[in-house]
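Single-letter residue listing:
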Amino acid sequence: MLIKLMAIFMWLAVTPFCCGLSITRYMRKKYQNLSMILVTGYFLMLALFQIIYILFVVFYNHFKPLVVVYGVGIAALSVISLACNGKYWIKQHQKIEKVSWTTVVLWLIAFGLVGFQLYKTIFYQFHDGDDALYAVHSVITWQNNNMYMRTAYTGESSVLDVRHAFSAAPVFISFLAGASGIHPTIVTHVLYASAVLLLFYLLIKLIADILVEKQYVPIFLIFVSLMNLFGNDNIYMSSTFLLTRTSQGKAFLGNIIPAAAILGLLLVWRNLKESDSKVTVNQTNSFVPWILLSCVMITAVYTSLMGLMLAALLIGGTTVLLACFYKKPKLLIPCILSMVPLFVIGLLYVKLLI
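Residues numbered from 1 in each chain as written. Predicted model: local features only at pLDDT ≥ 70, side-chain atom pairs only at ≥ 80, totals over all residues. Heavy atoms only, no water.

Colleague: I tried to follow the overall build of the chain on my own but got confused; where do I start?
Modeller: Secondary structure summary: the chain contains 15 helices and zero strands in total. By the compact-globule yardstick of 20 Å for 354 residues, the chain fits well, its C-alpha radius of gyration being 20 Å. Expressed as a percentage of the 354 residues in the chain, the buried residues total 50%. Taking all contacts inside the chain whose residues are at least 6 apart in sequence as the whole, residues at least 24 apart take part in 72%. A total accessible area of about 17700 Å² is found for the chain, and carbon and sulfur atoms account for 71% of it. The distance from the centre of the 24 positive side-chain charges to the centre of the 11 negative ones in the chain is 13 Å. (Helix = DSSP H or I, 4+ residues; strand = E, 2+ residues; numbered from the N terminus. Rg over C-alpha atoms; globule rule 2.2 N^0.38 Å. Buried < 20%, exposed > 50% of the residue type's maximum accessible area, 1.4 Å probe, protein only. Contact = heavy atoms within 4.5 Å. Areas by Shrake-Rupley, 256 points an atom, 1.4 Å probe, with all protein chains shown as cover. Lys, Arg positive; Asp, Glu negative; His and termini not counted. Charge placed at Lys NZ, Arg CZ, Asp CG, Glu CD.)

In structure tokens, the structure reads:
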């Protein structure tokens, strides 16, 4: 059991951390921190899985070769990223700043609220009818070596379920189960759900780092935690999906994707604001947020096919507004380039329909 836990820790923590070293290294130094490394690493890891998964679904629908190809590829990328960036990050260590006792208390409250939600996610089960589709697809894929080729409700063989086939989230859970040896239902309801919840609050912390002063970041986290805890107004609220349907693609699409898109757009906005105030901005620093946003849009498709449109509308629409406000039409070029993978995914979807 210990070996299995170490394996799942490698895939859910160590691998995204190593992948994120390469992207975060080329961001502005004020944003180079552990939270940003993990977040960028997660989106790079999930975006690459989505790309490889779609190619397998369209051209060669077999699960085990997908596990081997993606597993070897992402492991190699992690090792290369660590080898190329390890020395840089060792030199970038910063001294721990002294903080007031009130800030420490606020951080303890913030950690306590997030920990409470994590505790409920791990030790309590919320019954939801959609698990008959999401969780069962993960189990069927894990057992039968094909993806979306069986009816989840009966287990019978069928043609490819085109409606859901582009959502790689259940298959990624099957990958984690196959790579670690832990049953997919345990990965779904405990391990993967915990990772999604922590990823959400890492994103909120990074957004707070940009929007508010450092001493107010824990207050920002506290307010968001309270809104989620008391946000179960009806079954359609994003907080309801985050806390009761955490491992489902809809929870990811309704919480993680918007937060990540806002984070990437805030990074773009900060670069525009500084360049507008005559502060020199490195071209590499300006382009890196678009790599993150491209990964976010690809990951949106990972959660649901609706993400193909929703993420692109959010990011593209905001970019147009920024380009108009700052009078920089060139800003549309990296935006369009970041959406090229979505265009290719759309063409592959049309191929399946035809």
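Now that the structure has been shown, we can carry on.
Colleague: Just checking my understanding: could you explain the pattern of salt bridges for this structure?
Modeller: One pass over the structure, following the stated rule, counts one salt bridge. Between lysine 205 and aspartate 209 there is a salt bridge, and its shortest N-O distance comes to 3.0 Å. You can see lysine 205 and its partner aspartate 209 sitting in helix α8 (residues 184–211), four residues apart, about one turn around the helix. Judged by relative accessible area, aspartate 209 falls into the partly exposed class, the value being 28%. (Salt bridge = Lys/Arg side-chain N within 4 Å of Asp/Glu carboxyl O.)

Colleague: Would you take a moment to explain the packing of aromatic side chains for this structure?
Modeller: Aromatic ring pairs are reported here in terms of the distance separating the ring centres and the angle at which the planes meet. Evaluation of the coordinates by the stated rule reveals 18 aromatic pairs. Ring plane angle 85° and centroid distance 4.9 Å describe the contact between phenylalanine 49 and tyrosine 70, whose orientation is recorded as edge-to-face. A residue pair is termed long-range when its members are at least 10 positions apart, and phenylalanine 49 in helix α2 (residues 34–59) and tyrosine 70 in helix α3 (residues 63–91) qualify at 21 residues. Just as phenylalanine 49 is buried, tyrosine 70 falls in that class too. Joined through ring pairs, the aromatic side chains of Trp11, Phe49, Tyr53, Tyr70, Phe172, Phe175, Tyr192, Phe252 and Tyr302 make up one cluster. (Phe/Tyr/Trp six-rings, centres within 6.5 Å; stacked < 30°, edge-to-face > 60°.)

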